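# Results of the structural survey
As a plain string of letters, each chain reads:
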Amino acid sequence: MTSLIVKAAGRALAPFILLSGVYVASFGFLSPGGGFQGGILLASGVILIMVTHGCKEVHRLAENIDWFETFGALTFLVVGLTGLLVGGYLFSNLLPDTPLMCIVLDIVIALKVFAGTVAVFVYFFGMGVEEC
Amino acid sequence: MIQLRKEFITLALVLMIAVLLLHGLQMTYEDKEISEVDEYYKEHQEKTGADNLVEAILLDYRAYDTFGEVMVLYIAIAGVIILGKIVTEEGEP
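In this text, all values refer to a predicted model and were calculated from it rather than measured experimentally. (Residues numbered from 1 in each chain as written. Chains lettered and ligands numbered in written order. Predicted model: local features only at pLDDT ≥ 70, side-chain atom pairs only at ≥ 80, totals over all residues. Heavy atoms only, no water.)

Glancing now at the packing of helix 5 (residues 100-125) of chain A against helix 4 (residues 53-61) of chain B. In the contact formed by helix 5 of chain A and helix 4 of chain B, the axes pass within 9 Å of each other and the chain directions differ by 85°. Classified by the angle their axes make, helix 5 of chain A and helix 4 of chain B are roughly perpendicular. On the side of helix 5 of chain A, the interface is formed by M101, C102, L105, D106 and I109 of chain A, while helix 4 of chain B contributes E55, A56, L59 and D60 of chain B. Class assignment of the residues belonging to the contact of helix 5 of chain A with helix 4 of chain B gives a composition of six nonpolar, no polar and three charged. (Axes fitted to C-alpha atoms, helices over the stretch in contact; angles between N-to-C directions. Helix = DSSP H or I, 4+ residues; strand = E, 2+ residues; numbered from the N terminus. Parallel < 35°, antiparallel > 145°, perpendicular 65-115°, else oblique. Contact = heavy atoms within 4.5 Å. Nonpolar A, V, L, I, M, F, W, Y, C, P; charged D, E, K, R; others polar.)

Written out as structure tokens, the structure reads:
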């Protein structure tokens, strides 16, 4: 399907893209970045592998991608509600002077955006490439 | 004749957008007075513990808006998944 060079380049680049995605997502409260940007970076790493190596390589991820997304959205809601229960108002900071809310919500958003973007790719473009 | 008019319309649209963009570039922010909400964000930044004020606002002060954003994204992607599943199972919808 794709030439050997493309596969080798894809395999070589993907870990660095994923690593930078994890960094951008998790250090959103310190350095520029955040949940949304990190999630997109992670998704681009996985989509790079999907394009170069076909959907078969990541078929386990492709199958239950929508569960990741639902899990991400629900944990966002649960964090908000626990803030309501603990702190008295919705999305209140559970540990007041620590960036806990920023870290937790960043990771949840990153997971959600990552799963959503990969799902878009799987369900829209996956049909052209061989079945995921 | 119609061909000519279509180009004029697009040309007019492009010029209008160009004028708006150039006007936007000249806007200066010196005379914009700081509203009390910005003051509150700046003073209480250490309470959120986040150095990146944008993230502090996005995730701590206005997490409810971000929750709406996440839900909008979720619904959009759910629509894509539903369409994708319909197309793959029944061929063309």
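From this point, the discussion proceeds with the structure in view.
Once that is clear, we can look at the pattern of salt bridges. For the coordinates displayed, the defined rule picks out two salt bridges over all chains. Here K112 of chain A and E69 of chain A are joined by a salt bridge, their closest N and O atoms 3.3 Å apart. Taken together, the positions of K112 of chain A in helix 5 and E69 of chain A in helix 4 (residues 65-87) put the pair 43 residues apart, joining distant regions of the chain. Of the charged contacts, one joins D65 of chain B and R62 of chain B as a salt bridge, the two residues approaching to 2.7 Å between their closest N and O atoms. (Salt bridge = Lys/Arg side-chain N within 4 Å of Asp/Glu carboxyl O.)

Under the definition given, this model contains seven aromatic pairs over all chains. Relative to F67 of chain B, the ring of F76 of chain A has its centre 5.7 Å away and its plane inclined at 15°; by these criteria the two rings are stacked. Of this pair, F76 of chain A sits in helix 4 while F67 of chain B sits in helix 5 (residues 63-90), on two different chains. In terms of burial, F76 of chain A and F67 of chain B fall into one category: buried. The rings of F76 and F91 of chain A together with Y64 and F67 of chain B are connected pair by pair, giving a single aromatic cluster. (Phe/Tyr/Trp six-rings, centres within 6.5 Å; stacked < 30°, edge-to-face > 60°. Buried < 20%, exposed > 50% of the residue type's maximum accessible area, 1.4 Å probe, protein only.)

This paragraph deals with the domain arrangement of chain B. Buried accessible area, meaning the area lost when the parts come together, often serves as the stated size of an interface. Taken domain by domain, chain B comprises domain 1 (1-32) and domain 2 (35-93). Spacing between the C-alpha centres of domain 1 of chain B and domain 2 of chain B amounts to 31 Å. (Domains from an automatic or database assignment.)

In this section: unusual backbone geometry. At F91 of chain A, a residue that is not glycine, the phi angle is positive and equals roughly 55°. Within the secondary structure, F91 of chain A is located in the loop between helix 4 and helix 5.

Predicted coordinates in regions of low pLDDT should not be interpreted in detail. Scored by pLDDT, chain A has a mean of 85; 94% of the residues are at 70 or more. Of all the helices and strands in chain A, helix 3 (residues 59-63) of chain A carries the lowest mean pLDDT, 80, while helix 1 (residues 4-26) of chain A carries the highest, 92. (pLDDT = per-residue confidence, 0-100.)

On to the nonpolar core. Most often, soluble globular proteins have nonpolar side chains that are buried together. M50, I65, F114, V118 and Y123 of chain A are the most contacted members of the largest nonpolar core, which totals 20 residues. Secondary structure elements with two or more residues in this core: helix 2 (35-53), helix 3 and helix 5 of chain A together with helix 5 of chain B. Excluding anything up to four places from it in sequence, F114 of chain A contacts G39, L42, A43, V46 and L61 of chain A. (Core = buried A, V, L, I, M, F, W, Y, C linked by side-chain atoms within 4.5 Å.)

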